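Single-letter residue listing:
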Amino acid sequence: MNYRHAFHAGNFADVFKHALLVRILLYLNRKDAPYRVIDTHAGEGAYDLAREEADRTGEWRDGVGRLASVDRASEAGALLTPYLDLIGARDADGRPDLYPGSPMIAQKLTRPQDRLVFCEKHPEAYAALKRRFARDRRAKALDLDGWTALGAFAPPPERRGLMLVDPPFEARDEFDRLARGFSVAFGKWSTGVYALWFPVKDPRDAQALWDAVRTSGAQRALRLELAVAPPGDSGLTRTGLIVVNPPYVLGSEAFVLLPTLVRLMERTPGAGGYSIQSFGD
Ligand code: SAM
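Calculation criteria
- Residues numbered from 1 in each chain as written.
- Predicted model: local features only at pLDDT ≥ 70, side-chain atom pairs only at ≥ 80, totals over all residues.
- Heavy atoms only, no water.
- Helix = DSSP H or I, 4+ residues; strand = E, 2+ residues; numbered from the N terminus.
- Rg over C-alpha atoms; globule rule 2.2 N^0.38 Å.
- Contact = heavy atoms within 4.5 Å.
- Lys, Arg positive; Asp, Glu negative; His and termini not counted.
- Charge placed at Lys NZ, Arg CZ, Asp CG, Glu CD.
- Near = heavy atom within 4 Å.
- Polar contact = N/O pair within 3.5 Å; in protein donor to acceptor, adjacent residues only side chain to side chain.
- Areas by Shrake-Rupley, 256 points an atom, 1.4 Å probe, with all protein chains shown as cover.
- Core = buried A, V, L, I, M, F, W, Y, C linked by side-chain atoms within 4.5 Å.
- Buried < 20%, exposed > 50% of the residue type's maximum accessible area, 1.4 Å probe, protein only.
- Axes fitted to C-alpha atoms, helices over the stretch in contact; angles between N-to-C directions.
- Parallel < 35°, antiparallel > 145°, perpendicular 65-115°, else oblique.
- Left-handed = near helix turned anticlockwise from the far one by under 90°.
- Phe/Tyr/Trp six-rings, centres within 6.5 Å; stacked < 30°, edge-to-face > 60°.
- Pairing = 2+ DSSP bridges.
- Nonpolar A, V, L, I, M, F, W, Y, C, P; charged D, E, K, R; others polar.

**Some points on the overall build of the chain**
Thought 1: Regarding its fold elements, the chain presents nine helices and 10 strands.
Thought 2: Relative to its length of 281 residues, the chain is compact, with a C-alpha radius of gyration of 17 Å against a globular reference of 19 Å.
Thought 3: Along the first, second and third principal axes, the C-alpha set of the chain runs to 45 × 40 × 40 Å.
Thought 4: For the chain, the share of sequence-separated contacts (at least 6 apart) that also reach a separation of at least 24 residues comes to 76%.
Thought 5: Positive and negative charge centroids in the chain, built from 38 and 36 side chains respectively, lie 5 Å apart.

**With respect to the site of the ligand**
Thought 1: Near the ligand there are 21 residues, and of these His 18, Glu 120, Asp 145, Gly 146 and Asp 166 occur at the shortest range.
Thought 2: At a separation of 2.6 Å, an oxygen atom of the ligand approaches a polar side-chain atom of Glu 120.
Thought 3: Taking Asp 166, its side chain carries an N or O atom lying 2.7 Å from a nitrogen atom of the ligand.
Thought 4: For the ligand, whose unbound accessible area comes to 610 Å², protein coverage reaches 96%.

**Digging into the nonpolar core**
Thought 1: Counting 93 residues, the largest nonpolar core has Leu 25, Leu 67, Tyr 83, Leu 162, Tyr 194, Val 244 and Leu 261 as its most contacted members.
Thought 2: Per-element accounting of this core gives the leading share, 11 residues, to helix 1 (residues 12–28).
Thought 3: If we ignore the near neighbours within four places in the chain, the residues touching Leu 162 are Leu 21, Ile 24, Leu 25, Leu 28, Arg 36, Val 37, Ile 38, Trp 189, Val 193, Tyr 194 and Ala 195.

**Examining the packing of helix 4 (residues 102–109) against helix 5 (residues 123–133)**
Axes are the key here: two packed helices are described by the angle between their axes and the distance separating the axes.
Thought 1: In contact at an axis separation of 11 Å, helix 4 and helix 5 are set at 15° when each is read in the N-to-C sense. Between helix 4 and helix 5, the interaxial angle falls into the category roughly parallel. Read as a crossing pair, helix 4 and helix 5 show a hand that is right-handed. Counted together, Pro 103, Met 104 and Gln 107 of helix 4 and Leu 129, Arg 132 and Phe 133 of helix 5 form the full contact between these two elements.

**Comments concerning the packing of aromatic side chains**
Working definition: an aromatic ring pair is given by the centre-to-centre distance plus the angle between the planes.
Thought 1: Applying the stated criterion across every chain yields a total of nine aromatic pairs.
Thought 2: Here the aromatic rings of Phe 169 and Trp 197 are separated by 5.8 Å at their centres, their planes lie at 65°, and the arrangement is edge-to-face. With Phe 169 in the loop between strand 6 (161–165) and helix 7 (174–188) and Trp 197 in strand 7 (residues 193–199), this pair connects stretches of sequence that are 28 residues apart. The pair Phe 169 / Trp 197 is uniform in exposure class, with both members buried.
Thought 3: Grouping aromatic residues by their ring pairs yields a cluster made of Phe 169, Phe 175, Trp 197 and Phe 198.

**Concerning the environment of Val 184**
Thought 1: Mapped onto the elements of the fold, Val 184 is located in helix 7.
Thought 2: Here the alpha-carbon distance between Val 184 and Leu 150, two residues 34 residues apart in the chain, equals 8.1 Å.

**As for the sheet that holds strand 8 (residues 221–227)**
Thought 1: Spatial strand order, 5-4-1-6-7-9-8-10: eight strands in an open sheet with mixed pairing. With one partner strand each, in any of the chains shown, strand 5 (139–142) and strand 10 (273–279) form the two edges of the open sheet. The average undirected angle you get between the axes of adjacent strands in this sheet is 10°.
Thought 2: As defined by bridge partners, strand 6 adjoins strand 7 across four bridges and the pair is classed as parallel. Of the residues in strand 7, the one forming a bridge with Leu 164 is Ala 195.
Thought 3: In the packing of helix 5 onto the sheet, contacts are made with strand 4 (115–119) and strand 5, and the angle to strand 5 comes to roughly 165°.
Thought 4: Along the sheet, helix 7 makes contact with strand 6, strand 7 and strand 9 (238–244), crossing strand 7 at roughly 175°.

**Digging into the packing of helix 1 against helix 9 (residues 250–265)**
Thought 1: Two elements in contact, helix 1 and helix 9, have axes separated by 11 Å at closest approach and are oriented at 155°. Relative to helix 9, the element helix 1 lies roughly antiparallel. As helix 1 packs across helix 9, the resulting crossing turns out to be right-handed. Residues Phe 12, Val 15, Phe 16, Ala 19, Leu 20, Arg 23 and Ile 24 of helix 1 form the contact with helix 9, whose participating residues are Leu 250, Glu 253, Leu 257, Leu 258, Leu 261 and Met 265.
Thought 2: Residues of the contact of helix 1 with helix 9, tallied by class, amount to 11 nonpolar, no polar and two charged.

**Re the side chain of Asp 166**
Thought 1: One can find Asp 166 in the loop between strand 6 and helix 7.
Thought 2: Since its relative accessible area comes to 13%, Asp 166 is described here as buried.
Thought 3: In this structure the side chain of Asp 166 is engaged in a polar contact, spanning 2.6 Å, whose partner is the side chain of Lys 17.

Quick look at the structure:
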(Lines give C-alpha, C1' and ligand atoms only; values in the text may rest on other atoms or scores of the structure.)
Protein backbone atom coordinates (compact mmCIF):
# COMPACT_ATOMS: atom_id res chain seq x y z
CA MET A 1 0.00 0.00 0.00
CA ASN A 2 2.01 2.95 -1.27
CA TYR A 3 -0.64 5.60 -1.88
CA ARG A 4 -0.53 8.58 0.48
CA HIS A 5 -3.23 11.16 -0.03
CA ALA A 6 -0.96 13.81 1.54
CA PHE A 7 0.77 14.11 -1.86
CA HIS A 8 -2.51 14.91 -3.62
CA ALA A 9 -4.60 16.71 -1.00
CA GLY A 10 -6.35 19.79 -2.29
CA ASN A 11 -5.75 18.97 -5.96
CA PHE A 12 -8.44 19.52 -8.61
CA ALA A 13 -9.96 16.08 -8.01
CA ASP A 14 -10.26 16.80 -4.28
CA VAL A 15 -11.86 20.19 -4.90
CA PHE A 16 -14.40 18.62 -7.29
CA LYS A 17 -15.21 15.77 -4.87
CA HIS A 18 -15.30 17.90 -1.74
CA ALA A 19 -17.39 20.70 -3.23
CA LEU A 20 -20.00 18.05 -4.12
CA LEU A 21 -19.65 16.30 -0.76
CA VAL A 22 -20.52 19.58 0.96
CA ARG A 23 -23.67 19.95 -1.17
CA ILE A 24 -24.75 16.38 -0.32
CA LEU A 25 -24.27 16.87 3.42
CA LEU A 26 -26.08 20.20 3.46
CA TYR A 27 -29.01 18.48 1.79
CA LEU A 28 -29.02 15.66 4.37
CA ASN A 29 -29.12 18.36 7.06
CA ARG A 30 -32.47 19.61 5.79
CA LYS A 31 -34.20 16.90 7.86
CA ASP A 32 -33.69 16.68 11.63
CA ALA A 33 -33.58 12.87 11.62
CA PRO A 34 -30.07 11.61 12.39
CA TYR A 35 -27.89 10.14 9.69
CA ARG A 36 -24.52 8.45 9.39
CA VAL A 37 -21.56 9.18 7.16
CA ILE A 38 -19.43 6.15 6.34
CA ASP A 39 -16.14 7.08 4.67
CA THR A 40 -14.64 3.75 3.57
CA HIS A 41 -11.25 5.15 2.49
CA ALA A 42 -10.86 8.12 4.77
CA GLY A 43 -7.22 9.21 4.60
CA GLU A 44 -5.78 11.40 7.38
CA GLY A 45 -8.81 13.61 7.81
CA ALA A 46 -7.07 16.92 7.08
CA TYR A 47 -3.80 18.00 5.52
CA ASP A 48 -1.11 20.55 6.22
CA LEU A 49 -0.23 21.67 2.70
CA ALA A 50 3.05 23.19 3.92
CA ARG A 51 4.30 19.66 4.63
CA GLU A 52 6.94 18.13 2.38
CA GLU A 53 4.56 15.69 0.65
CA ALA A 54 2.18 18.38 -0.59
CA ASP A 55 5.04 20.70 -1.40
CA ARG A 56 6.82 18.08 -3.48
CA THR A 57 3.97 17.58 -5.96
CA GLY A 58 2.46 21.06 -5.65
CA GLU A 59 -0.83 19.56 -6.89
CA TRP A 60 -2.84 21.72 -4.50
CA ARG A 61 -1.72 24.83 -6.41
CA ASP A 62 -3.94 23.82 -9.35
CA GLY A 63 -6.81 22.89 -7.06
CA VAL A 64 -7.52 24.72 -3.83
CA GLY A 65 -4.81 27.21 -4.82
CA ARG A 66 -7.04 28.41 -7.67
CA LEU A 67 -10.10 29.24 -5.58
CA ALA A 68 -9.11 32.79 -4.67
CA SER A 69 -11.01 34.29 -7.58
CA VAL A 70 -14.40 32.73 -6.74
CA ASP A 71 -17.06 35.42 -6.84
CA ARG A 72 -19.15 34.57 -3.79
CA ALA A 73 -21.97 36.76 -5.03
CA SER A 74 -22.46 34.59 -8.14
CA GLU A 75 -24.78 31.57 -8.21
CA ALA A 76 -21.84 29.16 -8.26
CA GLY A 77 -20.06 31.20 -5.58
CA ALA A 78 -23.06 30.89 -3.29
CA LEU A 79 -23.01 27.09 -3.73
CA LEU A 80 -19.25 27.02 -3.06
CA THR A 81 -19.35 29.32 -0.04
CA PRO A 82 -19.91 26.62 2.63
CA TYR A 83 -16.93 24.68 1.21
CA LEU A 84 -14.79 27.84 1.06
CA ASP A 85 -15.74 28.64 4.65
CA LEU A 86 -14.55 25.20 5.76
CA ILE A 87 -11.22 25.74 4.02
CA GLY A 88 -10.87 29.09 5.78
CA ALA A 89 -8.34 31.82 5.19
CA ARG A 90 -5.63 31.22 2.58
CA ASP A 91 -2.22 32.83 2.20
CA ALA A 92 -1.09 34.89 -0.80
CA ASP A 93 -0.42 31.62 -2.72
CA GLY A 94 -3.92 30.37 -2.02
CA ARG A 95 -2.73 27.83 0.57
CA PRO A 96 -5.00 27.30 3.59
CA ASP A 97 -3.64 26.56 7.07
CA LEU A 98 -5.15 23.10 6.90
CA TYR A 99 -6.96 21.52 3.95
CA PRO A 100 -10.02 19.56 5.14
CA GLY A 101 -10.28 16.02 3.81
CA SER A 102 -13.61 14.24 3.57
CA PRO A 103 -13.64 13.21 7.29
CA MET A 104 -13.11 16.77 8.49
CA ILE A 105 -15.73 18.10 6.06
CA ALA A 106 -18.17 15.53 7.41
CA GLN A 107 -17.26 16.35 11.00
CA LYS A 108 -17.79 20.07 10.48
CA LEU A 109 -21.09 19.81 8.64
CA THR A 110 -22.87 17.10 10.62
CA ARG A 111 -24.99 17.77 13.72
CA PRO A 112 -24.87 16.41 17.31
CA GLN A 113 -27.38 13.67 16.41
CA ASP A 114 -25.33 12.36 13.46
CA ARG A 115 -22.60 9.70 13.50
CA LEU A 116 -19.37 9.28 11.56
CA VAL A 117 -17.41 6.16 10.66
CA PHE A 118 -13.99 6.53 9.05
CA CYS A 119 -11.99 3.54 7.78
CA GLU A 120 -8.33 3.73 6.84
CA LYS A 121 -5.76 0.97 6.30
CA HIS A 122 -2.46 2.82 5.92
CA PRO A 123 -0.79 2.73 9.37
CA GLU A 124 0.45 6.33 9.38
CA ALA A 125 -2.68 7.76 7.83
CA TYR A 126 -4.78 5.77 10.31
CA ALA A 127 -2.72 7.05 13.28
CA ALA A 128 -3.24 10.65 12.11
CA LEU A 129 -6.95 10.04 11.52
CA LYS A 130 -7.45 8.46 14.93
CA ARG A 131 -5.62 11.31 16.66
CA ARG A 132 -7.61 13.96 14.85
CA PHE A 133 -11.04 12.60 15.81
CA ALA A 134 -10.22 11.12 19.23
CA ARG A 135 -12.21 13.79 21.07
CA ASP A 136 -15.33 13.69 18.90
CA ARG A 137 -17.65 11.15 20.48
CA ARG A 138 -19.79 11.04 17.34
CA ALA A 139 -16.85 9.81 15.24
CA LYS A 140 -15.16 6.41 15.05
CA ALA A 141 -11.86 5.95 13.22
CA LEU A 142 -11.32 2.30 12.36
CA ASP A 143 -8.28 0.44 11.11
CA LEU A 144 -10.58 -1.58 8.86
CA ASP A 145 -10.50 -2.57 5.21
CA GLY A 146 -12.77 -0.15 3.36
CA TRP A 147 -14.13 -2.86 1.04
CA THR A 148 -15.22 -4.88 4.06
CA ALA A 149 -16.74 -1.77 5.63
CA LEU A 150 -18.77 -1.07 2.50
CA GLY A 151 -20.79 -4.24 2.96
CA ALA A 152 -20.59 -4.45 6.74
CA PHE A 153 -21.93 -0.98 7.58
CA ALA A 154 -24.91 -1.12 5.24
CA PRO A 155 -27.47 -0.33 6.40
CA PRO A 156 -26.48 1.89 9.35
CA PRO A 157 -28.81 1.91 12.38
CA GLU A 158 -30.16 5.35 11.38
CA ARG A 159 -31.08 4.02 7.91
CA ARG A 160 -30.22 7.46 6.55
CA GLY A 161 -26.88 8.66 5.38
CA LEU A 162 -23.99 8.69 3.00
CA MET A 163 -21.49 6.02 2.01
CA LEU A 164 -18.46 7.73 0.49
CA VAL A 165 -16.18 5.32 -1.37
CA ASP A 166 -12.93 6.99 -2.34
CA PRO A 167 -10.26 4.32 -2.92
CA PRO A 168 -6.74 5.12 -4.10
CA PHE A 169 -7.03 3.23 -7.43
CA GLU A 170 -3.53 1.84 -6.99
CA ALA A 171 -4.50 -1.63 -8.12
CA ARG A 172 -5.96 -2.57 -11.49
CA ASP A 173 -8.98 -4.30 -10.00
CA GLU A 174 -10.30 -1.33 -8.02
CA PHE A 175 -13.01 -0.39 -10.52
CA ASP A 176 -14.30 -3.98 -10.28
CA ARG A 177 -14.09 -3.94 -6.49
CA LEU A 178 -15.97 -0.66 -6.42
CA ALA A 179 -18.73 -2.02 -8.66
CA ARG A 180 -19.01 -5.27 -6.69
CA GLY A 181 -18.76 -3.57 -3.29
CA PHE A 182 -21.44 -1.06 -4.24
CA SER A 183 -23.72 -3.83 -5.45
CA VAL A 184 -23.42 -5.74 -2.14
CA ALA A 185 -24.02 -2.60 -0.04
CA PHE A 186 -26.89 -1.42 -2.21
CA GLY A 187 -28.51 -4.85 -1.93
CA LYS A 188 -28.66 -4.31 1.85
CA TRP A 189 -29.35 -0.58 1.89
CA SER A 190 -31.15 0.67 -1.19
CA THR A 191 -32.15 4.05 0.28
CA GLY A 192 -28.65 5.25 1.22
CA VAL A 193 -26.82 7.93 -0.68
CA TYR A 194 -23.67 6.53 -2.25
CA ALA A 195 -20.86 8.71 -3.59
CA LEU A 196 -18.37 6.71 -5.64
CA TRP A 197 -15.24 8.61 -6.68
CA PHE A 198 -13.10 7.57 -9.64
CA PRO A 199 -10.20 8.84 -11.78
CA VAL A 200 -10.78 8.80 -15.55
CA LYS A 201 -7.65 7.39 -17.13
CA ASP A 202 -9.39 4.90 -19.42
CA PRO A 203 -12.98 6.06 -20.09
CA ARG A 204 -14.04 2.42 -20.50
CA ASP A 205 -13.48 1.83 -16.77
CA ALA A 206 -15.74 4.75 -15.82
CA GLN A 207 -18.36 3.54 -18.29
CA ALA A 208 -18.24 -0.01 -16.87
CA LEU A 209 -18.80 1.37 -13.36
CA TRP A 210 -21.74 3.46 -14.59
CA ASP A 211 -23.18 0.41 -16.38
CA ALA A 212 -22.88 -1.57 -13.14
CA VAL A 213 -24.79 1.14 -11.27
CA ARG A 214 -27.46 1.27 -14.00
CA THR A 215 -28.06 -2.46 -13.73
CA SER A 216 -27.83 -2.61 -9.92
CA GLY A 217 -31.49 -1.90 -9.32
CA ALA A 218 -30.80 1.73 -8.33
CA GLN A 219 -33.68 4.00 -9.32
CA ARG A 220 -31.75 7.25 -9.51
CA ALA A 221 -28.13 8.20 -10.06
CA LEU A 222 -25.95 11.03 -11.30
CA ARG A 223 -22.60 10.70 -13.05
CA LEU A 224 -20.53 13.86 -12.89
CA GLU A 225 -17.13 14.31 -14.50
CA LEU A 226 -14.71 17.20 -14.67
CA ALA A 227 -11.61 17.53 -16.84
CA VAL A 228 -8.86 20.11 -16.48
CA ALA A 229 -7.11 19.18 -19.74
CA PRO A 230 -7.77 17.04 -22.81
CA PRO A 231 -7.03 13.29 -22.63
CA GLY A 232 -3.36 12.62 -23.30
CA ASP A 233 -2.07 15.58 -21.28
CA SER A 234 0.30 14.53 -18.51
CA GLY A 235 -0.95 13.11 -15.22
CA LEU A 236 -4.55 12.81 -14.12
CA THR A 237 -6.70 15.17 -16.16
CA ARG A 238 -10.25 13.94 -15.56
CA THR A 239 -12.14 12.76 -12.52
CA GLY A 240 -15.67 11.71 -11.71
CA LEU A 241 -18.21 11.03 -9.02
CA ILE A 242 -21.24 8.77 -9.30
CA VAL A 243 -23.91 9.62 -6.77
CA VAL A 244 -26.64 7.04 -6.23
CA ASN A 245 -29.87 8.34 -4.69
CA PRO A 246 -28.54 11.88 -5.11
CA PRO A 247 -30.16 14.79 -3.33
CA TYR A 248 -32.90 16.05 -5.66
CA VAL A 249 -31.14 19.40 -6.10
CA LEU A 250 -27.68 18.00 -6.85
CA GLY A 251 -28.14 17.67 -10.61
CA SER A 252 -29.19 21.28 -11.04
CA GLU A 253 -26.46 22.44 -8.65
CA ALA A 254 -23.91 20.51 -10.71
CA PHE A 255 -24.99 22.43 -13.83
CA VAL A 256 -24.05 25.63 -11.97
CA LEU A 257 -20.95 24.38 -10.14
CA LEU A 258 -19.09 22.33 -12.73
CA PRO A 259 -18.60 25.04 -15.40
CA THR A 260 -17.23 27.35 -12.71
CA LEU A 261 -14.91 24.69 -11.29
CA VAL A 262 -13.65 23.97 -14.81
CA ARG A 263 -12.99 27.65 -15.46
CA LEU A 264 -11.12 27.98 -12.15
CA MET A 265 -8.97 24.87 -12.45
CA GLU A 266 -8.43 24.06 -16.15
CA ARG A 267 -4.76 23.96 -17.15
CA THR A 268 -5.19 26.49 -19.95
CA PRO A 269 -8.30 28.47 -20.87
CA GLY A 270 -10.71 26.28 -22.82
CA ALA A 271 -8.76 23.05 -22.14
CA GLY A 272 -11.16 21.63 -19.58
CA GLY A 273 -14.70 20.36 -19.66
CA TYR A 274 -17.39 18.57 -17.75
CA SER A 275 -20.21 16.11 -18.27
CA ILE A 276 -23.40 15.38 -16.38
CA GLN A 277 -25.45 12.23 -16.93
CA SER A 278 -28.29 10.83 -14.92
CA PHE A 279 -31.08 8.29 -14.82
CA GLY A 280 -34.26 8.24 -12.76
CA ASP A 281 -36.39 11.27 -11.92
N1 SAM B 1 -11.49 10.27 1.28
C2 SAM B 1 -10.27 11.04 1.53
C3 SAM B 1 -10.58 12.51 1.36
O4 SAM B 1 -11.39 12.86 0.47
O5 SAM B 1 -10.03 13.31 2.10
C6 SAM B 1 -9.14 10.62 0.66
C7 SAM B 1 -8.90 9.15 0.56
S8 SAM B 1 -7.55 8.66 -0.41
C9 SAM B 1 -8.07 8.93 -2.04
C10 SAM B 1 -7.65 6.90 -0.27
C11 SAM B 1 -7.24 6.37 1.09
O12 SAM B 1 -7.57 4.98 1.15
C13 SAM B 1 -5.75 6.45 1.38
O14 SAM B 1 -5.56 7.15 2.58
C15 SAM B 1 -5.31 4.99 1.53
O16 SAM B 1 -4.33 4.80 2.53
C17 SAM B 1 -6.60 4.34 1.95
N18 SAM B 1 -6.71 2.90 1.67
C19 SAM B 1 -6.12 2.16 0.70
N20 SAM B 1 -6.58 0.91 0.73
C21 SAM B 1 -7.51 0.84 1.72
C22 SAM B 1 -8.37 -0.18 2.21
N23 SAM B 1 -8.35 -1.41 1.68
N24 SAM B 1 -9.22 0.12 3.21
C25 SAM B 1 -9.25 1.37 3.75
N26 SAM B 1 -8.46 2.37 3.33
C27 SAM B 1 -7.61 2.12 2.32
